[in-house]
Amino acid sequence: MNKIKIIQGDITTLKVDAIVNAANTTLRGGGGVDGAIHRAAGPELDVACARFHGCNTGEARITPGFRLPARYIIHTPGPFWQGGHHGEAQLLHNSYYNSLALAAQQHCETVAFPSISTGVYAYPLDQAAEVALTTIADFLKNNQVVQTVFMVCFDPRTLTAYQQAYQELNR
Ligand code: AR6
């Protein structure tokens, strides 16, 4: 039985098969969770990321976890919020879906996501939570490799939003 677990914490500390990074299209690091992951993984991560020569919004790339407890890091640039009429929901769906597909391809059973696009990229939290959880739940229904997906919320407001969206989804 595969499952979604919503937790509060720092994604860089998790010992899972893969953590996902809310990156930008350069894949060369930044602020927020991206900065935290690059600092914790060490400089080898930037060397590995440079080889991709960037990544389009909604696509995903995978590297080793280097100094992290996680085996892999999956990097995906989520959409920047521009009011909701620029394909943001589809692009956010793509980020979650393509990250999970890459995780399954690499035989990852446990995957952890941060709340993609809801920090610097200003995607409204409630709407982002709905897209995230719907995409993850649909993926898990149709996939036998990934067993557990952790939604890692950094702050209490994010945690509450994902818990509420999860309840709505299971009504
Ligand atoms: N563990 C889990 N979640 C975290 C952590 C952490 N260690 N640190 C921050 N968060 P953001 P975005 C949360 O801004 O909106 C970067 O500069 C944070 O509180 O990291 O997709 C990239 O390079 C928020 O809930 O990502 C891009 O340029 C969530 O992670 C841009 O920001 C996402 O916030 C991407 O913006």
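Our structure is the block above this text.
A brief report on the enclosed structure follows. Predicted model only: the values in this text are computed from it and were never measured.

**Points about the site of the ligand**
Then comes step 1: Taken together, 23 residues surround the ligand, and among them N24, G31, V33, D34 and V120 come closest.
Then comes step 2: Separating an oxygen atom of the ligand from a backbone N or O atom of G31 is a distance of 2.7 Å.
Then comes step 3: Between the ligand and the protein, one listed contact pairs an oxygen atom with a backbone N or O atom of T118 at 3.4 Å.
Then comes step 4: Burial of the ligand by the protein chains amounts to 90% of its free accessible area of 700 Å².
Then comes step 5: Secondary structure elements with two or more residues in the shell around the ligand: β2 (18–23) and α1 (32–41).
Then comes step 6: Per-element accounting of the shell around the ligand gives the leading share, 4 residues, to α1.
Then comes step 7: Split into classes, the residues belonging to the shell around the ligand amount to 9 nonpolar, 11 polar and 3 charged.

**Quick look at helix α4 (residues 125–141)**
Then comes step 1: Here α4 contains 17 residues, and its C-alpha end-to-end distance of 24 Å stays within 8% of the 24 Å for a straight helix at 1.5 Å per residue.
Then comes step 2: All of the buried residues in α4 are L125, A128, A129, V131, A132, L133, T135, I136, F139 and L140.
Then comes step 3: Structurally, α4 contributes buried residues whose contacts are with β1 (3–8), α3 (88–105), β5 (110–113), β6 (148–153) and α5 (156–169).

**Observations regarding the sheet that holds β5**
Then comes step 1: Pairing is mixed in the open sheet, where 6 strands are placed in the order β1-β6-β5-β2-β4-β3. Strands with a single pairing partner mark the edges of an open sheet, and in this sheet they are β1 and β3 (61–64). Put simply, the sheet's adjacent strands are angled 25 degrees from each other on average, direction ignored.
Then comes step 2: As judged from the 4 bridges shared by β3 and strand β4 (residues 72–77), these two strands associate in the antiparallel manner. What sits directly across from P64, in β4, is Y72.
Then comes step 3: Here α3 sits on the sheet in contact with β2, β3, β4, β5 and β6, set at roughly 155 degrees to β4.
Then comes step 4: Contacts from α5 reach β1 and β6, with the element oriented near 155 degrees to β1.

**A short note on the packing of aromatic side chains**
Then comes step 1: The full count for this structure, using the stated rule, is 4 aromatic pairs.
Then comes step 2: When the ring of Y97 is compared with that of F139, the centres are 5.6 Å apart and the planes differ by 75 degrees; the resulting orientation is edge-to-face. Note that Y97 is positioned in helix α3 and F139 in helix α4, a separation of 42 residues in sequence.

**Brief notes about the nonpolar core**
Generally speaking, a soluble globular protein has its nonpolar side chains buried in company with each other.
Then comes step 1: If you look at the biggest cluster of nonpolar residues, it comprises 35 residues, and the most contacted ones within it are Y96, F113, I136, V146 and Y162.
Then comes step 2: Elements represented by at least two residues in this core include exactly β1, β2, α3, β5, α4, β6 and α5.
Then comes step 3: With 9 residues, α4 is the largest single contributor of residues to this core.
Then comes step 4: Among all residues touching Y162, those that are not within four sequence positions of it are I6, Y96, S115, L125, A128, A129, A132, L133, M151 and C153.
Then comes step 5: Residues L14, C49, A112 and F150 belong to the second largest nonpolar core, which totals 17 residues.

**Notes on α5**
Then comes step 1: Spanning 14 residues, α5 covers 20 Å between terminal C-alpha atoms, matching the ideal 20 Å at 1.5 Å per step.
Then comes step 2: Every buried residue of α5 is accounted for by T158, L159, A161, Y162 and A165. Mapping the buried residues of α5 onto a view down its axis gives an arc of 165 degrees, with all of them on the same face. Facing away from the buried side of α5, by more than 90 degrees, are the exposed residues P156, R157 and Q167.
Then comes step 3: Buried-residue contacts for α5 involve β1, α3, α4 and β6.

Reading guide: rules and limits
- Residues numbered from 1 in each chain as written.
- Predicted model: local features only at pLDDT ≥ 70, side-chain atom pairs only at ≥ 80, totals over all residues.
- Heavy atoms only, no water.
- Near = heavy atom within 4 Å.
- Polar contact = N/O pair within 3.5 Å; in protein donor to acceptor, adjacent residues only side chain to side chain.
- Areas by Shrake-Rupley, 256 points an atom, 1.4 Å probe, with all protein chains shown as cover.
- Helix = DSSP H or I, 4+ residues; strand = E, 2+ residues; numbered from the N terminus.
- Nonpolar A, V, L, I, M, F, W, Y, C, P; charged D, E, K, R; others polar.
- Expected span 1.5 Å × (residues − 1).
- Buried < 20%, exposed > 50% of the residue type's maximum accessible area, 1.4 Å probe, protein only.
- Contact = heavy atoms within 4.5 Å.
- Pairing = 2+ DSSP bridges.
- Axes fitted to C-alpha atoms, helices over the stretch in contact; angles between N-to-C directions.
- Phe/Tyr/Trp six-rings, centres within 6.5 Å; stacked < 30°, edge-to-face > 60°.
- Core = buried A, V, L, I, M, F, W, Y, C linked by side-chain atoms within 4.5 Å.
- Arc of directions from axis to C-beta.

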